[in-house]
Amino acid sequence: MKAYYGKRATAENDFGYNWIPKITDDHSFFEYLYAIADGKMDGMFLMGQNSAVGAPNSRFQRKSMAKLKWFVVRDMVEIEPATFWRDSPEIERGELKTEEIETEVFFLPAAGHAEKEGAFTNTQRLLQWREKAVDPPGDCRSEAWFIHQLALRLIEKARASNDLIDEPLRALDWWYAEDEIGEPKMEAVLAEINGWHTDHVAAVADRGPHGGVLFPQDRQGQSHHGPQVADYNELKADGSTACGCWIYSGVFNRDGVNKANTRQSRDYLGHGWGFAWPSDRRIIYNRASAKPDGAPWSERKKLVWWESEKWTGIDVPDFKPNKSPDHIPKDGQSGLDGQRGDAPFILHEDGLGWLFVPKGLQDGPFPTHYEPLESPVRNELYSRDTNPVVNWFTRGENRFAPPGDPRFPFVLTTYRLTEHHTAGGMSRFLSHLAELQPEMFVEISPELATDLKIDNRDYVCLVTLRGAIEARALVSRRIRAMQLNGQTVHQVAIPFHFGTAGPLRGDAANDLVAISGEPNVTIMESKAMSCNIVPGRLPRGAAYRDWLDRYAPQSGPPNLHPEQPPPGAPTGGKFSRGQGKHGKAE
């Protein structure tokens, strides 16, 4: 809160908690997509993604874009969301008409990864710094520049207003200095993320060569904050410290070294190369590498151990450094103080490893098998085919085929190509990569090709209840039939990188995929569905809709699946629709 609002966040106003927007409902990507489709959302910023190609039910995504009043797209090339109003498949088919689309699209050119500096974190928890190699061309700007400049303009407008709704913007502590083109200093942002003492003269040990204060002045040249915190152990809840994100605390502390930018590894765990959150621990729960008495289980694979009244080792101990292996907590102690010295899993309440999840998961405690929401076979393990608490996002444009639907006998999965990157904006526009993978294709087994009288490189159509696409057949022995429940089930596979923008064009795989969400964090199910394959070319223009209706009728009830809830019914996920979590929906 102090990082958000600085001096304006005080104990008297609960450190600005009331200024923070509250979660009142499911605000996930798919929910606000439905809000757009229903005319409940005026505008949207699209940065770092391509929902017209890379998101499920892309056909519905593109149609929904036409309901926006304004639409800001930032990318390095003119991707499909920037051009949907004039050259999308829906324009060609007459499902959308350019002259009827009132959406005002603003395309803003973005900087590439070599044209901007900043930090990124990978799935190894490793925070690394990217230095700028060249300036971006022309009017291209980084995300940092865009957000910084947008914030400055919004704050200026808010300060000219007396409306209470603008108070959070008026209170925002947007202090970052900038260069000659208005780019904020990204190391100053990292310093704030690390955290600092708010008192300019805070008494801290070992201030380091710079007095411990990094980027001390705000945009007006005034002293802004005190010395950096050493790590998250210095953070306090009394307003004396501020921190952008506690897990990164320590990456840019009082020694003045941007540890995300270090490149001198000094051991086999990689210490000295980047910064692993938290506290540069390379192995989480590394106390488990030692026996209950603190001695390593293995000399060859040891990480940390108890030595001379403290934990030490090759890695940063993921444990209280002075808690002995034989420590027994006192009655009434809680948190880390209430955990025993032989309990290594410090982020669990009991300090122990869990074989199952006792709380938190909507579909816990043990994982089990349910069939995908669309499947040509039934679930032989349980009375239900599908996960009872899954989010279906029921809607007429997002229908699911019932189990064993004879119209869709094949299993369809999607995958990536080495030569292309996600929705293809950074690869389909490059001639050498386009030449290596020039066309949309579907990989099918020789047996299925024989059954359907399809030769290698023939044109075929793939159909689901959401739409149809055209692809070239790649007959491959990698794809094999499966024997499930006494029947032969064929699987086919397609890449998902193609779209209608740029020099390399093809139908989007995600036109076939339904919108869905697993019950905990709404991850979509895009790797398994049922489909049909029809040999031949896909009709273009208005003929497409008649053809699609023949193989996948577009009318009828939205919930064809017997386990699918009706439209508007709340589903069982953590952020169930219509159920506010942290605020009150008006």
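Residues numbered from 1 in each chain as written. Predicted model: local features only at pLDDT ≥ 70, side-chain atom pairs only at ≥ 80, totals over all residues. Heavy atoms only, no water.

1. What to know about the packing of aromatic side chains
Between two aromatic rings, the relevant description is the distance of the centres plus the angle of the planes. Summed over all chains, the structure comprises 22 aromatic pairs. When the ring of Trp175 is compared with that of Tyr176, the centres are 5.1 Å apart and the planes differ by 40°; the resulting orientation is tilted. On the accessibility criterion, Tyr176 (9% relative accessible area) is buried. Relative to Trp311, the ring of Trp306 lies with its centre 5.7 Å away and its plane at 65°, an arrangement referred to as edge-to-face. The exposure class assigned to Trp306 is partly exposed, which follows from its relative accessible area of 24%. By way of ring pairs, the aromatic residues Phe29, Phe30, Tyr32, Tyr34, Phe60 and Phe393 are connected into one cluster. The ring of Trp273 carries Arg263 above its face, with NZ or CZ at 5.1 Å from the centroid. Over the aromatic face of Phe319 sits the side chain of Lys323, whose NZ or CZ is 5.8 Å from the ring centroid. (Phe/Tyr/Trp six-rings, centres within 6.5 Å; stacked < 30°, edge-to-face > 60°. Buried < 20%, exposed > 50% of the residue type's maximum accessible area, 1.4 Å probe, protein only. Lys NZ or Arg CZ within 6 Å of the ring centre and 35° of its normal.)

2. Some words on the side chain of Arg399
Topologically, Arg399 is positioned in the loop between strand E10 (310-313) and strand E11 (410-415). For Arg399, which is buried and forms no salt bridge, the nearest opposite charge comes from Asp549, at a distance of 6.6 Å. Filtering out sequence-adjacent residues up to four positions away, Arg399 remains in contact with Glu374, Leu465, Arg466, Pro553, Gln554, Ser555, Gly556, Pro557, Pro558 and Leu560. (Helix = DSSP H or I, 4+ residues; strand = E, 2+ residues; numbered from the N terminus. Lys, Arg positive; Asp, Glu negative; His and termini not counted. Salt bridge = Lys/Arg side-chain N within 4 Å of Asp/Glu carboxyl O. Contact = heavy atoms within 4.5 Å.)

3. Comments concerning a nonpolar patch on the surface
A surface patch of nonpolar side chains, amounting to about 460 Å² of accessible area, comprises Phe45, Met47, Trp70, Phe106, Leu108 and Ile147. Turning to its location among the elements, Phe106 is positioned in strand E3 (residues 104-109). (Patch = residues over 30% accessible without salt bridge, like charges linked within 9 Å, V, L, I, M, F, W, Y side chains within 5 Å. Areas by Shrake-Rupley, 256 points an atom, 1.4 Å probe, with all protein chains shown as cover.)

4. Observations regarding the environment of Tyr415
In this structure, Tyr415 sits in strand E11. Judged by relative accessible area, Tyr415 falls into the buried class, the value being 18%. Apart from the residues within four sequence positions on either side, Tyr415 is in contact with Phe441, Glu443, Arg478, Ala493, Ile494, Pro495, Phe496, His497 and Lys527.

5. Looking at the sheet that holds strand E2 (residues 70-75)
Two strands in a sheet stick together by hydrogen bonds in their backbones, pointing the same way (parallel) or opposite ways (antiparallel). Spatially, E1-E2-E3 is the arrangement adopted by the three strands of the open sheet, whose pairing is parallel. The outermost strands of the open sheet, each flanked by one partner alone, are strand E1 (43-47) and E3. If you compare each strand with its neighbour and ignore which way they point, the axes differ by 15° on average. For E1 and E2, the ladder comprises five bridges, and the chain directions are parallel. When the sheet's bridge partners are listed, Leu46 is paired in E2 with Val73. (Pairing = 2+ DSSP bridges. Axes fitted to C-alpha atoms, helices over the stretch in contact; angles between N-to-C directions.)

6. As for the sheet that holds strand E8 (residues 275-276)
Spatial ordering of the open sheet is given by E4-E5-E8, a layout of three strands whose pairing is antiparallel. Here the strands that pair on one side only, and so sit at the sheet edges, are strand E4 (118-121) and E8. Sheet topology note: the strand E5 (residues 126-130)/E8 ladder contains two bridges and is antiparallel. Bridge assignment links Leu127 to a residue of E8, and that residue is Phe275.

7. A word on the confidence of the model for the protein
Counting all residues, the mean pLDDT for the protein is 92, and 97% of those residues have values of 70 or more. Counting contacts from residues 573-586, a segment whose pLDDT is below 50, to residues more than four positions away or on other chains yields 36 contacts. (pLDDT = per-residue confidence, 0-100.)

8. Topic: the pattern of salt bridges
This model, assessed by the stated rule, comprises 34 salt bridges. A salt bridge links Glu349 to Lys359; the nearest nitrogen and oxygen atoms lie 2.8 Å apart. One end of the pair, Glu349, is in the loop between E10 and E11; the other, Lys359, is in the loop between E10 and E11, and ten residues separate them in sequence. Comparing Glu349 with Lys359 shows no difference in burial state: the two are exposed. Where Asp507 meets Arg540, a salt bridge forms, and the shortest distance between an N and an O atom there is 3.7 Å. Separated by 33 residues along the polypeptide, Asp507 in the loop between strand E17 (491-495) and strand E18 (529-535) and Arg540 in the loop between E18 and helix H11 (543-551) bring together distant segments of the chain. Owing to a relative accessible area of 11%, Asp507 belongs among the buried residues under this scheme. Because the salt bridges share partners, they merge into one network encompassing Arg59, Arg62, Lys63, Glu90, Arg93, Glu95 and Asp511.

9. Quick notes on unusual backbone geometry
With omega at -10°, the peptide bond leading from Trp277 into Pro278 counts as cis. Within the secondary structure, Pro278 sits in the loop between E8 and strand E9 (304-307). Cis geometry is adopted by the peptide bond preceding Pro365, which originates at Gly364 and carries an omega value of 5°. You can see Pro365 is positioned in the loop between E10 and E11. Its identity as a non-glycine residue notwithstanding, Phe215 has a phi of 50°, on the positive side. Following the sequence through the fold, Phe215 ends up in the loop between strand E6 (196-197) and strand E7 (241-242).

10. Looking at the nonpolar core
In globular proteins that are soluble, nonpolar side chains generally tend to be buried together. By size, the foremost hydrophobic cluster in this structure holds 30 residues, and its most contacted members are Leu412, Val442, Ile444, Leu462, Val492, Ile494 and Ile533. Of all the secondary structure elements, the ones that give two or more residues to this core are E11, strand E12 (441-444), helix H10 (446-452), strand E13 (459-463), strand E14 (468-475), E17 and E18. When sequence neighbours within four positions are dropped, the list of residues in contact with Val492 reads Val411, Leu412, Thr413, Val442, Glu443, Ile444, Leu448, Leu462, Cys531 and Ile533. (Core = buried A, V, L, I, M, F, W, Y, C linked by side-chain atoms within 4.5 Å.)

11. Some points on helix H4 (residues 80-87)
Taken as a whole, H4 has its buried residues at Glu80, Pro81, Ala82, Thr83 and Phe84. The inward-facing, buried residues of H4 contact E1, helix H3 (58-65), E2, helix H5 (89-93) and E3.

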